[in-house]
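Observations on the three-dimensional arrangement
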Protein chains: 2
Amino acid sequence: MNLKREIESRLEQLNSYALDPKGGLTRLLYTKEWKETQDHLRNEALSKGYDVQYDSIGNLYITLPGSSEEVILVGSHIDTVCQGGKLDGQFGIVSGLIALDYLKSKEGQPKKTIRVVSLAEEEGSRFPYTFWGSKNTTNSANIEEVEHLVDNQGVNFMDAMRNCGFSYSKEKNHLFNNVSSFLEVHIEQGQILEKEKIQIGLVTDIVGQKRYSVTVQGQANHAGTTPMHYRQDALLASSILVQKVNELARSISSTMVATVGKMEIFPNSSNVVAQEVQFTIDLRHTNVSELERYEREIKEEFDAISTQQDVKYSMKKYMDGKPVKLDESLLKTIKDVCRKHNISYKEMISGAGHDAQIFAPLVQTALVFVPSIGGISHNPSENTAIEDLETGVKVLIESLKKLAY
Amino acid sequence: MNLKREIESRLEQLNSYALDPKGGLTRLLYTKEWKETQDHLRNEALSKGYDVQYDSIGNLYITLPGSSEEVILVGSHIDTVCQGGKLDGQFGIVSGLIALDYLKSKEGQPKKTIRVVSLAEEEGSRFPYTFWGSKNTTNSANIEEVEHLVDNQGVNFMDAMRNCGFSYSKEKNHLFNNVSSFLEVHIEQGQILEKEKIQIGLVTDIVGQKRYSVTVQGQANHAGTTPMHYRQDALLASSILVQKVNELARSISSTMVATVGKMEIFPNSSNVVAQEVQFTIDLRHTNVSELERYEREIKEEFDAISTQQDVKYSMKKYMDGKPVKLDESLLKTIKDVCRKHNISYKEMISGAGHDAQIFAPLVQTALVFVPSIGGISHNPSENTAIEDLETGVKVLIESLKKLAY
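Residues numbered from 1 in each chain as written. Chains lettered and ligands numbered in written order. Predicted model: local features only at pLDDT ≥ 70, side-chain atom pairs only at ≥ 80, totals over all residues. Heavy atoms only, no water.

Topic: the overall build of chain A
A tally of helices and strands in chain A yields 11 helices and 16 strands. In terms of C-alpha radius of gyration, chain A reaches 24 Å, essentially the compact-globule figure of 22 Å for 405 residues. Reported as C-alpha extents along the three principal axes, the dimensions of chain A are approximately 80 × 50 × 40 Å. The 405 residues of chain A split such that 59% are buried. Sequence separation of 24 or more characterises 77% of the internal contacts of chain A that already satisfy a separation of 6 or more. Summed over its atoms, the accessible surface of chain A is roughly 15,900 Å², and 47% of this surface lies on carbon and sulfur atoms. Both charge centroids of chain A, one from 45 positive and one from 54 negative side chains, sit 3 Å from each other. (Helix = DSSP H or I, 4+ residues; strand = E, 2+ residues; numbered from the N terminus. Rg over C-alpha atoms; globule rule 2.2 N^0.38 Å. Buried < 20%, exposed > 50% of the residue type's maximum accessible area, 1.4 Å probe, protein only. Contact = heavy atoms within 4.5 Å. Areas by Shrake-Rupley, 256 points an atom, 1.4 Å probe, with all protein chains shown as cover. Lys, Arg positive; Asp, Glu negative; His and termini not counted. Charge placed at Lys NZ, Arg CZ, Asp CG, Glu CD.)

This is the structure in structure tokens:
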């Protein structure tokens, strides 16, 4: 089996159902493109003689039965962001399916059952809700959180689901019974592996994320007739706050990241001292107490700076996701595989969220990264060298061989 | 003559031609509102027996002839910004007209001719060109700069002028012959007089203004997967630059003002490190060499900061107005008037531009401020206590008495 050719042809097939005329792939939950892709995977697997099932909401499971009941689950999400790339999500499914074919033909029936899942949704790009797929696989979805959601066309979540032939069920998902572990292969979506010329990233932790919106209230004044010492300049004050947001993250931990990426100024006129500034803070780290320490200390800093600048500020938290630890024994197994095959690897954290974080609290979970060219993702130019994709699949095959046979 | 009642009734009359349904006054150059107001002033003055003339472009002159040829010119601009206040500009015209009536009735014919001018335009609110009125009065307008301008409705400058019955003429404006001095009364548009509880501001200098647009180029990156030390954050870099803009102005002079009031961030997304930031710098001071020093030093600071932050920047100057000194002997005359009538005054600079700066290089020029409540201007709530307006008119009357009789 030529892995490179397998990877390229399977990705091409999946892409063909979701090519966006504006560039890249757009495959949003419960759309025609989405349903056609899932059905393609289903039919292909059926033709190869696998056990194939949808759960009630449309996660697709393709199973190679083992001699024991224990199940190793492998996969990632099939949905994309709008005009996304050809690897984010679906590469994890393709890797699993190639591994399944490879092991079935080369090794025959495994001891443990191997099940590949094409998770319905992770990105939250059509409806403002993420991890719908993995939360249903693991029986941790909450229907109240989605039943009233609508997309930007006004289509209701439940209607969209029904139109694809699926419907939420309160019954437990029996396809998760006996699952002892979950393996996900994904692109890094960052530049660390590329910059350090490393083939594989073995994720030890997925960061927790806190997001805040900050409003700074000053006093609008004439830029010519208001002496500097009479001013309450919301933009000058905010500039000092932005610097502090960055400094504090660096001072607490080399792996903490804090970002001000969005800012709005009012009235935003060149000859008027700014009245009000609104900006966001995106804070991520793997350690809860460090995240809490940051929140505590940044508020103290903001209090002091706003007093000194004679402005008022308010700070609202609108996201608070806990960090997740991945399984150490599974990590060790994969590490041994890399060593044995002379594959360079690095233990690292994931600064982005992944389906693995939904499984990790429930079953042994591993997340394996392959490098991203230029760290570019959520973009049509998202890409990874075919040799690196091949290495990712090899690591998955060899790990499954050790775990399931 | 009851000055307070005169001031209020005349302002009300002028307002009636330009009330904006959305609030405040809107009287833009060469509009119906503008023409009706000028014609009202013209007809009223004719009915009172003054010599009344328009120049070719629509500045209106109302003259009380003296026994000598020498002319003292008094006035300000009749146009407003969109939804402006009831004092910016027209109060200077009303003051002049009240003074004219008062002196004519109480003192009879002056030695020197007193001429009040209602200048066509100063704000640049309809067409992107300022001081059209005073530049034509003083024969310093440049027709090439306006003939191709259009307003936001696509109306051409020359057509708008013709539709009001005016047209540019290359001939010198004979109404400026023999003018030896210009007096302008205006609201401060700042908070200094109010905060210091002073009745009159005597302007010694009008600031020079430099304006720059700055573009800072960084690298867009994922806020979760990009460690702090790999970032080229255009917004963090800009925040440091904004602080330096403010610090440097304070360090050079207590009367220098530098303002960043406008800023745009790209892509402006909470979870993306900023790729590019654009902002403006509005710099004002009365001393040319200090302005040049600021420009030199801020560039050195920006070079150092952008290098240290690993971003690129470019800086473009799009406005460069020289500072103007007002006439000292005229200032002394008005100072003596204030002292004699126990009117509190303060010598100050003007941080905003005024018609006086166009006259100052050519004739003895004085600019007199009355307080602005809360420093608010270019706003429907622009206001000044009636007692302060009365004091402004008194100072003008007494000064003209000394200068013209």
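Okay, back to it.
Brief notes about the side chain of Asn156(B)
Residue and element names in this part refer to chain B. Looking at where Asn156 falls in the secondary structure, it is placed in the loop between α4 (132–137) and α5 (157–163). Classification of Asn156 by relative accessible area gives buried; the value is 18%. There is a polar contact of 2.7 Å between the side chain of Asn156 and the backbone nitrogen of Met158. Setting aside residues no more than four positions away along its own chain, Asn156 makes contact with Phe127, Glu147, His148, Leu149 and Val150. (Polar contact = N/O pair within 3.5 Å; in protein donor to acceptor, adjacent residues only side chain to side chain.)

A word on the relation of the copies chain B and chain A
Superposing chain B onto chain A takes a rotation of 180° plus a shift of 0.2 Å along the axis, which leaves an RMSD of 0.2 Å. In the structure described here, the two chain copies are related by an operation that fits a two-fold rotation axis. Closest to the rotation axis within chain B is the C-alpha of Ser239(B), separated from it by 2.2 Å. Taken together, the interface assignments show that 100% of the residues at the interface of chain B recur at the interface of chain A, consistent with an identical surface on both copies. (Least-squares fit on C-alpha atoms with pLDDT ≥ 70 in both.)

Focus on the interface of chain B and chain A
Counting from both sides, the interface comprises 51 residues of chain B and, opposite them, 51 residues of chain A. Roughly 4,400 Å² of surface becomes buried between chain B and chain A when both sides are summed, with 54% attributable to carbon and sulfur atoms. Along the contact surface separating chain B from chain A lie 0 salt bridges. Where chain B meets chain A, there are 14 residue pairs in polar contact (both at pLDDT 80 or more). If you list the elements that add at least two residues to the side of chain B that touches chain A, you get α6 (192–195), β8 (221–222), α7 (234–252), β9 (257–259), β10 (263–266), β11 (272–273) and β12 (276–285) of chain B. Considering each element in turn, the side of chain B that touches chain A owes the most residues, 9 residues, to α7(B). Classifying every residue of the side of chain B that touches chain A gives 20 nonpolar, 20 polar and 11 charged. (Buried area = accessible area lost by both parts, 1.4 Å probe. Salt bridge = Lys/Arg side-chain N within 4 Å of Asp/Glu carboxyl O. Nonpolar A, V, L, I, M, F, W, Y, C, P; charged D, E, K, R; others polar.)

A short note on the environment of Leu403(A)
Residues and elements named next belong to chain A. By secondary structure assignment, the location of Leu403 is in helix α11 (residues 386–404). Along the chain, Leu403 and Pro110 lie 293 residues apart, while their C-alpha atoms are 9.4 Å from each other. Leaving out residues up to four positions away in the same chain, Leu403 has contacts with Ile72, Lys112, Leu183, Leu330 and Thr333.

Details of the environment of Gln153(B)
Residues and elements named next belong to chain B. The residue Gln153 is located in the loop between α4 and α5 in this model. In this structure, the C-alpha to C-alpha distance between Gln153 and Arg126, residues 27 residues apart in sequence, is 9.6 Å. Looking at Gln153, its side chain comes within polar contact range of the side chain of Asn152, at 3.1 Å.

So, the domain arrangement of chain A
Residues and elements named next belong to chain A. Each domain of chain A was delimited in the assignment, giving domain 1 (3–207 + 323–404) and domain 2 (208–321). Inter-centroid distance (C-alpha atoms) of domain 1 to domain 2 is 37 Å. Contacts between domain 1 and domain 2 engage 8 residues on the former and 10 residues on the latter. By the criterion of area lost to domain 2, the three top residues of domain 1 are Val207, Pro323 and Ile349, representing 76% of everything that side buries. Across the contact surface, domain 1 and domain 2 share 0 salt bridges. Linking domain 1 with domain 2 are 1 residue pair in polar contact (both at pLDDT 80 or more), by the criterion used here. (Domains from an automatic or database assignment.)

Quick word on the packing of helix α3 (residues 90–107) of chain B against helix α11 (residues 386–404) of chain B
Residues and elements named next belong to chain B. α11 packs onto α3 with a crossing angle of 50° between their chain directions and a minimal axis gap of 9 Å. When the interaxial angle is binned, α3 and α11 end up oblique. In this structure, α3 crosses over α11, and the sense of that crossing is right-handed. Listed contacts from α11 to Phe91, Ser95, Gly96, Ile98, Ala99, Tyr102, Leu103 and Glu107 of α3 are Leu389, Val393, Leu396, Ile397, Leu400 and Lys401. Partitioned by chemical class, the residues of the contact of α3 with α11 number 10 nonpolar, 2 polar and 2 charged. (Axes fitted to C-alpha atoms, helices over the stretch in contact; angles between N-to-C directions. Parallel < 35°, antiparallel > 145°, perpendicular 65-115°, else oblique. Left-handed = near helix turned anticlockwise from the far one by under 90°.)

Here's the deal with the packing of aromatic side chains
Note on aromatic pairs: each is described by the distance of the centres and the angle between the planes. One pass over the structure, following the stated rule, counts 24 aromatic pairs over all chains. On the numbers, 6.4 Å between centres and 65° between planes, the contact of Phe279(A) with Phe302(A) is edge-to-face. Residue Phe279(A) is found in strand β12 (residues 276–285), and its partner Phe302(A) is found in helix α8 (residues 288–308); the two are separated by 23 residues along the sequence. Side by side, Phe279(A) and Phe302(A) carry an identical accessibility label, which is buried. Consider the rings of Tyr30(B) and Phe157(B), whose centres lie 5.9 Å apart with planes at 80°: the pair is edge-to-face. Of this pair, Tyr30(B) sits in the loop between α1 (3–15) and α2 (32–47) while Phe157(B) is found in helix α5, placing the two residues 127 residues apart along the sequence. Within the aromatic cluster, the residues linked to one another by ring pairs are Tyr30(A), Trp34(A), Tyr54(A), Phe127(A), Tyr129(A), Trp132(A), Phe157(A), Phe166(A) and Tyr168(A). (Phe/Tyr/Trp six-rings, centres within 6.5 Å; stacked < 30°, edge-to-face > 60°.)

A short note on α11(B)
Taking 1.5 Å of rise per residue, the 19 residues of α11(B) would be expected to cover 27 Å, and the 27 Å separating its terminal C-alpha atoms lies within 8% of that figure. The buried fraction of α11(B) is high, at 15 of 19 residues. (Expected span 1.5 Å × (residues − 1).)

Description of the side chain of His285(B)
Residue and element names in this part refer to chain B. Take His285: it is sitting in strand β12. A distance of 3.0 Å separates polar atoms of two side chains, one belonging to His285 and the other to Ser253. Excluding anything up to four places from it in sequence, His285 contacts Val207, Gly208, Ser253, Thr255, Met256, Glu290, Leu291 and Pro323.

Some remarks on the confidence of the model for chain A
For chain A, per-residue confidence averages 96 on the pLDDT scale, and 100% of positions sit at 70 or higher. Taken over the whole predicted complex, pTM reads 0.86, whereas the ipTM for its chain interfaces reads 0.86. (pLDDT = per-residue confidence, 0-100.)

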